[in-house]
Amino acid sequence: MSESRDERADRPVPGAPSSAWDDGLIARRARPGRLPRRNSVWEADEAQRAKEPTHPPIVPEPLPAPRAGTVLRPRLDALRELVGLSRARLDRRTLAEAGRVLEEAAARQRHSLDLTVVAIAGATGSGKSTLFNALARTQLSEAGVRRPTTAIPIACAWTDRSDRADGLLDRLGIPARARRAPVRPYDPGLNGLVLLDLPDHDSATPGHREQVDRLLRLVDAVIWVVDPEKYADAVLHERYLRPLAGYAEVTFVVLNQVDRLSGDAADQVLDDLRRLLDEDGIALGEHGEPGATVLALSALTGDRVGELREMLAQFTAGRNVPERRLVADVDGVSARLRPAYIAKGRPGLTETARQEFEDRLAEAVGAHAAGLAAERAWLRDAERACGTSWTQARRWYGRKRGARGGAGGDSTTGVGAVARAVATAVALSSADRTAASAHAAGTGEPSRRTASRPLVEQAVRALAYEASAGLPDPWAQAVREAAGRGAEGLAEALDTAAATAASAAARGAATNGRTSGRRTGAGKAGGGGRTAKTGTSGKGGKAGKGGKNEADGAEEAVVIAGAAEKPEGSRTAAGEPGDGDPGTGRAGRLRGPRTGAGRTRGGAAPRLVRPRWWVVAATSQGVLSLLQLLGAVWLVGVLIGAYGAEWWVPGLVLAGSGVGGPALAWCCRAVARGPARRHGLETERRLRSVAAGCGRERVLEPVAAELLRYREVRAQFVIAAGEV
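Criteria and thresholds
Residues numbered from 1 in each chain as written. Predicted model: local features only at pLDDT ≥ 70, side-chain atom pairs only at ≥ 80, totals over all residues. Heavy atoms only, no water. Helix = DSSP H or I, 4+ residues; strand = E, 2+ residues; numbered from the N terminus. Buried < 20%, exposed > 50% of the residue type's maximum accessible area, 1.4 Å probe, protein only. Contact = heavy atoms within 4.5 Å. Areas by Shrake-Rupley, 256 points an atom, 1.4 Å probe, with all protein chains shown as cover. pLDDT = per-residue confidence, 0-100. Pairing = 2+ DSSP bridges. Salt bridge = Lys/Arg side-chain N within 4 Å of Asp/Glu carboxyl O. Expected span 1.5 Å × (residues − 1). Core = buried A, V, L, I, M, F, W, Y, C linked by side-chain atoms within 4.5 Å. Phe/Tyr/Trp six-rings, centres within 6.5 Å; stacked < 30°, edge-to-face > 60°.

1. Notes on the overall build of the chain
On a plain count of helices and strands, the chain comes out with 22 helices and 7 strands. The proportion of buried residues among the 724 residues of the chain is 45%. Once local pairs closer than 6 in sequence are excluded, the contacts in the chain between residues at least 24 apart make up 78%. Carbon and sulfur atoms make up 55% of the accessible area of the chain, which totals about 36,400 Å².

2. Focus: the confidence of the model for the chain
Looking at the chain as a whole, the pLDDT averages 74, with 69% of positions reaching at least 70. When pLDDT is averaged over each helix and strand of the chain, the minimum, 34, is found for helix α20 (residues 585–595) and the maximum, 97, for strand β5 (residues 221–226). Low confidence marks residues 48–68, where pLDDT is under 50. Its contacts with residues over four positions away, or in another chain, come to 17 contacts. Note that pLDDT drops below 50 for residues 510–607; the model gives that stretch 163 contacts with residues more than four away or on any other chain.

3. Concerning the pairing of strand β4 (residues 193–197)
Most of β4 sits out of view: 5 of its 5 residues are buried. Of the two faces of β4, the one carrying Leu193, Leu195 and Asp197 and the one carrying Val194 and Leu196 are both buried. As defined by bridge partners, strand β1 (residues 116–122) adjoins β4 across 5 bridges and the pair is classed as parallel. Along β4, the bridge assignment pairs threonine 116 with leucine 193.

4. Considerations on the pattern of salt bridges
Pairing is possible between side chains that carry opposite charge, provided their charged atoms lie close to one another. As enumerated under the stated definition, the model contains 27 salt bridges in all. One salt bridge connects arginine 171 with glutamate 104, and the closest N-O pair in it is separated by 3.0 Å. In this pair, arginine 171 sits in helix α6 (residues 166–172) while glutamate 104 sits in helix α4 (residues 92–109), placing the two residues 67 residues apart along the sequence. The buried category is assigned to arginine 171, whose relative accessible area is 18%. The salt bridge involving aspartate 271 is made with arginine 274; its shortest N-O contact spans 3.7 Å. Remark: arginine 274 and aspartate 271 occur in helix α9 (residues 263–279); sequence separation between them is 3 residues, near one turn of the helix. Using a relative accessible area of 45% as the deciding quantity, one classes aspartate 271 as partly exposed. Judged by its relative accessible area of 22%, arginine 274 is partly exposed. When salt bridges that share partners are traced, they join Asp166, Asp170 and Arg179 into one network.

5. Side note on unusual backbone geometry
Omega for the bond connecting arginine 184 with proline 185 falls within 30 degrees of zero, at 0 degrees, which places this linkage in the cis form. Tracing the chain through its elements places proline 185 in the loop between β3 (179–180) and β4. Not every positive phi belongs to a glycine, and arginine 137 is a case in point at roughly 60 degrees. On the secondary structure map, arginine 137 appears in the loop between α5 (128–136) and β2 (154–157).

6. Details of helix α13 (residues 367–386)
Along its 20 residues, α13 runs 28 Å from first to last C-alpha, staying within 8% of the 28 Å computed at 1.5 Å per residue. Among the 20 residues of α13, 14 are classified as buried, and the element is accordingly described as predominantly covered.

7. What about the nonpolar core?
Formed by 77 residues in total, the largest nonpolar core has its most connected members in Leu196 and Ile223. Among the elements that take part in this core, α9 stands out by supplying 7 residues, more than any other. Discounting residues that sit within four places of it in the chain, leucine 196 has contacts with Val117, Val118, Ala119, Ile120, Phe132, Ile154, Ala155, Leu169, Leu172, Ile174 and Val219. Membership of the second largest hydrophobic core comes to 59 residues, among which are Leu72, Val83, Val456 and Ala464.

8. Observations concerning the packing of aromatic side chains
With the rule as written, the count across this model stands at 7 aromatic pairs. Ring centres 6.5 Å apart and planes at 45 degrees place the aromatic pair tyrosine 341 and tryptophan 475 in the tilted group. Linking tyrosine 341 in the loop between α11 (321–337) and α12 (351–365) with tryptophan 475 in helix α17 (residues 473–487), this pair joins segments that are 134 residues apart in sequence. Of the residues examined, tyrosine 341 reaches a relative accessible area of 0% and is grouped as buried. An aromatic cluster of at least three residues, connected via ring pairs, comprises Tyr341, Trp475, Tyr710 and Phe717.

This is how it looks when you write it as structure tokens:
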């Protein structure tokens with residue numbers, strides 16, 4: 001058995017001074033009491049082994065080798081898929097290291113994984129070649145005081161066949177003249193070990209550092225050799241140990257030349273070395289935990305070299321060191337790629353963000369205003385259908401009077417000139433709109449801009465911000481670009497969709513107006529004259545209400561389409577009917593031809609079906625009007641003595657029918673508020689649905705596709721990083 005640390009400290013040294021050792025931790029001067037050096041390393045090792053009690057050699061039983069690729073292959077496949085999915089989102093420099101790891105892994109797997117390549121690396125004068133010879137128990141690599149001593153890497157392979165490691169050494173670039181074989185028979189515990197003696201990493205000779213850097217990326221494990229002088233060298237820690245902290249499980253750190261230190265000094269240097277390694281982020285394999293192995297030895301005297309040899313035998317017996325090294329490679333590249341794939345929080349399109357986007361688009365096309373306008377139009381239709389006959393007659397008379405005043409005005413007076421100017425402007429406006437509609441029908445573009453551009457842009461920006469919040473920069477940029485591409489034609493698509501919905505609503509309203517006019521039978525309410533292509537004649541003032549209902553339905557369709565301007569004489573969103581204004585009778589008659597509502601039948605939009613109680617109410621109003629006439633005639637006859645009856649009977653009939661008409665109209669208005677509200681909500685819902693469909697097709701779906709792609713890439717990254 002080898003001596004313990006305390007026994008070595010208490011061992012008497014011939015000729016040594018009695019005072020405590022005070023030569024410093026990194027001194028390099030001979031002490032009078034130093035033990036004499038041996039002639040050769042292997043002789044010293046044999047002498048040390050001879051002092052130990054004889055017992056059968058301990059040959060570590062090889063651990064059952066795991067099936068090749070059980071851990072590594074899924075991660076490499078995921079990393080390869082990750083690189084393929086990310087080429088369009090990440091630049092080449094970001095993915096270059098991942099590609100190199102995949103190439104090196106494929107190249108290493110083409111050779112035997114039962115062979116373990118271990119490189120001995122260190123600074124100038126640290127004793128790398130001496131340790132290499134001590135492990136091989138023969139002089140294989142030149143060791144001396146000349147610096148640098150090792151010019152090319154030297155390899156020694158413990159294999160049953162001399163050519164078994166040739167392919168692996170060819171990959172490493174080891175020339176044939178630098179390949180050695182151990183003394184036979186060699187230690188069977190080292191079977192499968194390929195040991196390399198590397199040049200100095202701080203050599204002044206050009207090319208030595210490049211060789212070390214190249215081989216450190218290819219070998220399976222590294223033995224870092226440090227000495228009491230350079231164990232804290234900044235170049236070693238900052239250039240090599242700290243960047244390679246993730247390879248702690250395949251790393252050995254050996255403090256060499258402890259024969260130059262006393263027991264206490266060696267312990268202090270070793271503790272300080274452990275502290276520096278911990279600051280470098282290298283996990284230390286202590287107390288059974290995986291990590292780097294730290295050992296103090298003397299390659300020159302052979303002290304504890306046998307312990308390192310046994311550690312290497314156990315290390316290579318598992319036949320999984322190459323896979324562990326490749327796993328560390330994948331871990332390293334995954335850690336560097338993490339900022340490009342792992343988001344902060346849980347990004348994505350929430351239901352709240354979708355709803356807010358649809359609400360903004362609905363506001364852009366004026367869905368709420370269209371619903372209110374449709375509700376008011378329904379209430380006006382109910383008021384006209386259920387109003388008293390005298391009210392309808394008064395409106396008809398006002399339109400007729402306004403038409404006569406506009407047509408018969410003196411051409412020399414200002415009133416006639418203004419009337420003619422208004423009529424001409426209305427006609428020109430109608431002609432312009434008709435031409436614009438024809439152009440739109442030929443080009444497929446809407447005739448007017450109905451959607452608010454600023455509101456549409458604000459909706460897209462807000463959605464892109466919500467969807468990309470927390471995403472890594474490349475994927476956040478991709479989401480914003482997808483939303484920007486969809487926003488380029490979104491406003492025009494909303495215009496087209498709103499115009500289509502307005503046209504369908506106008507066709508449904510026109511058809512409904514013609515049918516309901518015949519159903520209610522409310523006569524003598526026409527506008528006089530012949531309206532274009534409505535099939536109603538105004539001769540003698542006898543026309544159904546179809547023309548009027550068509551105009552109201554067309555007006556509702558214009559509001560749904562988001563028209564900002566209305567023709568002269570048409571009713572505003574919150575105003576009263578313009579047909580009672582004597583100055584706008586002509587404009588009122590032109591509304592039907594201007595919208596073209598009576599030119600087609602049917603439509604895709606749900607019709608404004610008039611309730612049956614409107615017919616009952618209109619009939620009741622007619623009966624009450626007839627009773628009023630009969631009561632008036634009867635009362636006059638009684639007063640002049642034509643009829644022999646009490647005067648209060650016809651007076652009661654006249655008063656009851658006179659009060660019943662307005663009372664019935666008021667009740668109908670109260671009852672109509674509920675259906676009008678439902679009709680307005682349905683109109684708003686249809687327009688909101690159209691706007692939401694456009695936004696979903698042009699913006700939401702491309703953004704969702706980018707987010708789905710990010711989730712797929714993130715899932716592959718989680719597998720590649722070994723986090724599953």
